[in-house]
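# Overview (structure and organization)
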Amino acid sequence: EEMPLHREAPRFSIETDREAILRALSHLFYGEVGAVKIGQWVTKAPDLEGMLEIVKQTRDETRHTAIFRRLLQRYQAEPTQAVLRDMDDLHVAISQTWEEMLFESMVVGEGLALVLIYFYHDVIADTAIRRGLQRVIRDEESHVEYGEKKIMEYLAHKPELREHLLAMQEQLIQHYSG
């Protein structure tokens, strides 16, 4: 509730803005498909809590792909193939360690995804799409919250990690700004 980006912004509707909305849903669909890759970290988790969080996030991302797929099908559309070209550069991982993965995927990646999903929720008027986005938002917020909590714990024990994560953040910003 504290995150609306565009209060009283013009609302886009599937009737008048079909192509833009379907492209947005395609981006979200392929983004979630790519996010399922987080599951590869389950065997690298340092503890049971981390392993269970990765399993939960993988399940959530898989469920999100189903939500966006159903929304596209509702409007007799398939994920836009042209979006796949955009996705090739989106899901590059620079993480080598558990801490880096938490920061890259859960804090930065999921944080950026949340901003985009909040925006779409704010400007798309269609009830079905807004409900789907609300379900996704709750999960994504929990991923970011977990990542932030764990990074803060790691920084408390390894303050030297701070400079490395800040450099990594700059690298990620440069990558995603394109």
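Within every chain, residues take consecutive numbers counted from 1 along the sequence as written. Reporting of local features is limited, given that this is a predicted model, to residues whose pLDDT is at least 70; pairs of side-chain atoms are given and counted only at 80 or more, and all residues count toward the totals for whole chains, interfaces and linings. Side-chain numbers come from the whole structure's heavy atoms, not from hydrogens or water.

Patches in this entry comprise residues that are over 30% relatively accessible and not in a salt bridge; like charges within 9 Å are linked, as are nonpolar side chains (Val, Leu, Ile, Met, Phe, Trp, Tyr) within 5 Å. For every accessible area listed, the method is Shrake-Rupley and the probe measures 1.4 Å; residues are considered covered only by the protein chains on display. Salt bridges are defined by distance alone: a side-chain nitrogen of Lys or Arg within 4 Å of a carboxyl oxygen of Asp or Glu. A cluster of nonpolar side chains, contributed by Leu48, Met51, Leu52 and Val55, occupies part of the molecular surface with about 350 Å² of accessible area. Numbering of helices and strands starts at the N terminus; helices are DSSP runs of H or I of at least 4 residues and strands are runs of E of at least 2. Secondary-structure assignment places Met51 in helix α2 (residues 48-74).

Below, the discussion takes up the packing of aromatic side chains. Under the pairing criterion, centres of Phe, Tyr and Trp rings, with the six-membered ring standing for Trp, must be within 6.5 Å; the plane angle then separates stacked pairs below 30 degrees from edge-to-face pairs above 60, leaving the rest tilted. Following the criterion strictly, the structure yields 3 aromatic pairs and no others. Seen from their ring centres, Phe29 and Tyr30 are 5.1 Å apart, and the 70° between their planes marks the pair as edge-to-face. Per residue, the accessibility class of Phe29 equals that of Tyr30, and both read buried. Any Lys NZ or Arg CZ that is within 6 Å of a ring centre and within 35 degrees of that ring's normal is treated as a charge sitting over the ring. In this arrangement the basic side chain of Lys44 is found over the ring face of Trp41, its NZ or CZ atom lying 4.9 Å from the centre. For each residue, the accessible area found with a 1.4 Å probe, counting protein chains only, is set against the maximum for its type, and the residue is called buried under 20%, exposed over 50%, and partly exposed in between.

Here we take up the environment of Arg18. By the secondary structure assignment, Arg18 is in helix α1 (residues 18-35). Residue Arg18 is classed as partly exposed on the basis of its relative accessible area of 31%. Taking C-alpha positions, Arg18 is 8.9 Å from Tyr75, a pair spaced 57 residues apart along the chain.

Along the chain, pLDDT gives the predictor's confidence residue by residue, from 0 to 100. With 87% of its residues at a pLDDT of at least 70, the chain reaches an overall mean of 88. For the chain, the element scoring lowest by mean pLDDT is helix α3 (residues 81-88), at 65; α2 scores highest, at 96.

On to helix α4 (residues 98-123). Under the convention used throughout, the expected extent of a helix is 1.5 Å for every residue step, that is, one less than its residue count. The terminal C-alpha atoms of α4, which comprises 26 residues, lie 36 Å apart, in line with the 38 Å expected from a rise of 1.5 Å per residue. Of all 26 residues that make up α4, 19 are buried, and the element is covered over most of its length.

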